[in-house]
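What the coordinates show
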Amino acid sequence: MSASTFPPAFPETFPGAMPTTSPLLTRPGEVSGELGAHVDRLAAALPVLRAAAPTLGNWGTDLAGRLLAGSRLLAAGNGGSAAEAQHLTAELVGRFDGERCPLAAIALHADTSSVTAIGNDYGFEEIYARQVRAHARPGDVVLLLSTSGRSQNLLAAADAAAGAGANRWAITGPGPNPLADACDRAVCLPGDTATVQECHLAAVHMLCRAVDAAVAATVDSAA
Ligand SMILES: O=C(CO)[C@@H](O)[C@H](O)[C@H](O)[C@H](O)COP(=O)(O)O
């Protein structure tokens, strides 16, 4: 594409453009109301997320203590929630607010060979449960993220975590839901799937912030 044709007109001349069957793809000007409503739905959910700050702070302090003592976080979700799980483990293994020791955290969906082998041999419901049975030890935290709170593979993972003596935490969409009920602790956030996922990312960052603060306090008190 030459510089003179970039950016292309929307959407008719874009190579491989989606067919304009969706009202969201007809005219950019017409979609702004729906996009504004998207932001309004997120804004409506934020007070509930704000109210969860003390809970997430306590989770972070607890998690930091466990990780510094040698336990691990195992995180899992499906689709967008798998991405949130991996985002969380990356912040913990890498860093978030500043320099600190690496913390043990594994996103279970990211082991693609295990996921495909277990899914192929035992069924999709088992992809996380079997990994939890393999990796989880008493004192570990198994954190399950779900917008619906109804995914069978996450419910099976919660069951497996209980069998391993691990702590079961859930971050879900609207409660009550079966996953929140199956876990020891749950934060349930309102909204449609997209809103819940956006709130979950903020909740993940809040948890990381609390973990980092607790790690820093522990290091300071030991110095
Ligand atoms: O991101 C989206 C839709 O917004 C999807 O990928 C979504 O994550 C998938 O449908 C998941 O399978 C939903 O699972 P869950 O959140 O209900 O446990």
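Residues numbered from 1 in each chain as written. Predicted model: local features only at pLDDT ≥ 70, side-chain atom pairs only at ≥ 80, totals over all residues. Heavy atoms only, no water.

Looking up the chain in an unreviewed UniProt entry gives the name D-sedoheptulose 7-phosphate isomerase, with the organism given as Pseudonocardia hierapolitana.

1. Focus: the sheet that holds strand β2 (residues 105–107)
Spatially, β2-β1-β3-β4-β5 is the arrangement adopted by the five strands of the open sheet, whose pairing is parallel. The two strands at the open ends of the sheet, each matched to only one other strand, are β2 and β5 (185–188). The average angle at which neighbouring strand axes cross in this sheet is 15°, direction not considered. Here strand β4 (residues 167–172) runs beside β5; their pairing, made up of four bridges, is parallel. The partner of Trp169 across the bridge, within β5, is Arg185. Lying on the sheet, helix α3 (residues 80–93) is in contact with β1 (73–77), β2 and β3 (141–146); it crosses β1 at an angle near 155°. (Pairing = 2+ DSSP bridges. Helix = DSSP H or I, 4+ residues; strand = E, 2+ residues; numbered from the N terminus. Axes fitted to C-alpha atoms, helices over the stretch in contact; angles between N-to-C directions. Contact = heavy atoms within 4.5 Å.)

2. With respect to the confidence of the model for the chain
For the chain, mean pLDDT is 90; residues scoring 70 or higher make up 87% of the total. Counted against residues more than four places away or in other chains, residues 1–21, with its pLDDT under 50, gives 16 contacts. Among the scores for the predicted complex, ipTM is 0.97 and pTM is 0.88. (pLDDT = per-residue confidence, 0-100.)

3. With respect to the site of the ligand
Neighbouring residues of the ligand: Asn78, Gly79, Gly80, Ser81, Ser146, Thr147, Ser148, Ser151, Thr193 and Gln197. Take Asn78: an N or O atom from its main chain is 3.2 Å from an oxygen atom of the ligand. Taking 440 Å² as the accessible area of the ligand by itself, protein coverage stands at 59%. Those elements that provide at least two residues to the shell around the ligand are α3 and α8 (193–222). Of the residues belonging to the shell around the ligand, the class tally is no nonpolar, ten polar and no charged. (Near = heavy atom within 4 Å. Polar contact = N/O pair within 3.5 Å; in protein donor to acceptor, adjacent residues only side chain to side chain. Areas by Shrake-Rupley, 256 points an atom, 1.4 Å probe, with all protein chains shown as cover. Nonpolar A, V, L, I, M, F, W, Y, C, P; charged D, E, K, R; others polar.)

4. Structural notes on the pairing of β4
For β4, the buried fraction is high: six of the six residues fall into the buried class. Side chains of β4 alternate between two faces, with Asn167, Trp169 and Ile171 and Arg168, Ala170 and Thr172 buried alike. Sheet analysis places β3 next to β4, joined by six bridges and oriented parallel. Its bridge partner being in β4, Leu145 is matched across the sheet by Ile171. Chirality of the crossover, the property in question, places the unit of β3, helix α6 (residues 152–164) and β4 among those that are right-handed. (Buried < 20%, exposed > 50% of the residue type's maximum accessible area, 1.4 Å probe, protein only. Right-handed = clockwise from strand over helix to strand, strands pointing away.)

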